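Listed here are the chains, written in short residue letters.
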Amino acid sequence: MGEKIPLQLQPNWFRAYNVSYFSYADRLMVDIDISYSKKRFDEDGFVILRHFIDSEQVKEICRRAEIILATRTEYSDRYTNITKGLEKVDDYFEDLMRRGPQVAILTELLGTPPVPITSSFFTKNKTSEEVNPHSDAIYGGVIWVAIDPTNRENGCLHFIKGSHLKEEEFSYLRPHEPNDLSSHPDVVEAIMEPGDIVFFRPTTVHWSGPNHSGLPRRGFNCFYTGDPRNADQEKELWKHLA
């Protein structure tokens, strides 16, 4: 997964989704076979695309997010490492969430234009902080961009391949309740480098372990619903999800 695959989408395909902040969109050179990616998304519930965001844009996302974090006063009792609603503070994130190049890819993967709900920044610094295996009872898509290298040592994302097709089997899972699925035969560690992006369905079982590295493990996330009719309801529900 994530290997180079034949080029199907040319750079000018992204220009329709370019906005003033995102000059990198015209420079983006990613080998994407959208049919292959959609097959993985449909069957596995997630797909990783390598080198999707260039290094300058990764730095800009991080810089702006950390400005917001510096003035943050409200924290979740359960997850202090997640800052939601970046788009409410900085229009840059509103534009990125609505018109970044990930929107075009997600449209193809979902088969419908995604409706943006919220954007978040993850700063996993504490060994004690982890999100246990769970799925979210919302239909749409999630994107997660690695700001730092992510691996097992620093608490990378994990997925259970195909679990979005077995919702009842995993319906007992809750993000705040420990359940060890590390030996599940379909578990995949999302080992990523800065600028890599993972697209996944909220209904795919996912989790992230503790950070033992002593270094930050940061990531940028956007959540989308796939049904405009349910956008308001799902926005309210997403406020309460980790």
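Before going into details, it helps to say that this report is about the structure given with it.

Scoring rules and cut-offs
- Residues numbered from 1 in each chain as written.
- Predicted model: local features only at pLDDT ≥ 70, side-chain atom pairs only at ≥ 80, totals over all residues.
- Heavy atoms only, no water.
- Helix = DSSP H or I, 4+ residues; strand = E, 2+ residues; numbered from the N terminus.
- Salt bridge = Lys/Arg side-chain N within 4 Å of Asp/Glu carboxyl O.
- Buried < 20%, exposed > 50% of the residue type's maximum accessible area, 1.4 Å probe, protein only.
- 1 Å grid on protein atoms, 1.4 Å probe; cavity = no way out; pocket = protein on both sides within 12 Å on 5 of 7 lines; lining within 4 Å.
- Points joined across faces, edges and corners; volume = space filled by probe spheres on them.
- Nonpolar A, V, L, I, M, F, W, Y, C, P; charged D, E, K, R; others polar.
- Contact = heavy atoms within 4.5 Å.
- Pairing = 2+ DSSP bridges.
- Axes fitted to C-alpha atoms, helices over the stretch in contact; angles between N-to-C directions.

### Considerations on unusual backbone geometry
Look at His51: it is not a glycine, yet its phi comes out positive at around 55°. Checked against the element boundaries, His51 lands in the loop between strand E1 (46-49) and helix H3 (55-70).

### Focus on the pattern of salt bridges
Under the definition given, this model contains 15 salt bridges. Here Arg218 makes a salt bridge to Glu66, at a shortest N to O gap of 2.8 Å. Note that Arg218 is positioned in strand E10 (residues 217-225) and Glu66 in helix H3, a separation of 152 residues in sequence. For Glu189, the salt bridge identified is with Arg152, shortest N-O distance 2.6 Å. With Glu189 in strand E7 (residues 187-189) and Arg152 in the loop between strand E5 (140-146) and strand E6 (157-160), the pair connects residues that are 37 residues apart, well separated along the chain. Note on Glu189: relative accessible area 27%, which makes it partly exposed. Classification of Arg152 as exposed rests on a relative accessible area of 60%. Each of the salt bridges in this network shares a partner with another, and the network as a whole consists of Lys39, Arg40, Glu43 and Asp44.

### What about the layout of surface pockets?
Rolled over the atoms, a probe as big as a water molecule pinpoints where empty space is left. Roughly 240 Å³ of volume is contained in the second largest pocket. Considering the residues around the second largest pocket, the lining is formed by 17 residues, among which Arg152, His158, Ser182, Glu189 and Trp207 are closest to the centre. Top element by residues in the lining of the second largest pocket is E7. It accounts for three residues. Taken together, the residues of the lining of the second largest pocket break down into seven nonpolar, six polar and four charged.

### Some points on the environment of Ile191
When you line up the elements, Ile191 lands in the loop between E7 and strand E8 (197-200). Ile191 gets classed as partly exposed once you look at its relative accessible area, which sits at 42%. It is 5.4 Å that separates the C-alpha atoms of Ile191 and Thr150, two residues lying 41 residues apart in sequence. Sequence-distant contacts of Ile191, that is, excluding residues within four places in its chain, are made with Arg50, Thr150 and Asn151.

### What about the sheet that holds E5?
Sheets are built from strands paired through backbone hydrogen bonds, the pairs being either parallel or antiparallel. Spatially, six strands are ordered E1-E8-E5-E10-E3-E2 in an open sheet, and the strand pairing comes out antiparallel. The open sheet is flanked by E1 and strand E2 (82-84), the only strands paired with a single partner. Sheet twist, expressed as the mean angle between neighbouring strand axes with direction ignored, is 20°. Taken together, the four bridges between E5 and E8 define a ladder with antiparallel strand orientation. Bridge pairing in E8 links Val145 to Ile197. Contacts from H3 reach E2, strand E3 (115-124), E5 and E10 within the one sheet, and its direction differs from that of E3 by about 80°.

### So, the pairing of E6
Alternating positions in E6 separate into two faces, Leu157 and Phe159 on one and His158 and Ile160 on the other, with burial throughout. Pairing geometry for E6 and E7, over three bridges, is antiparallel. Across the sheet, the residue bridging to His158 is Glu189, located in E7.

In short, the description is geometric, and any link to function would need to be established separately.
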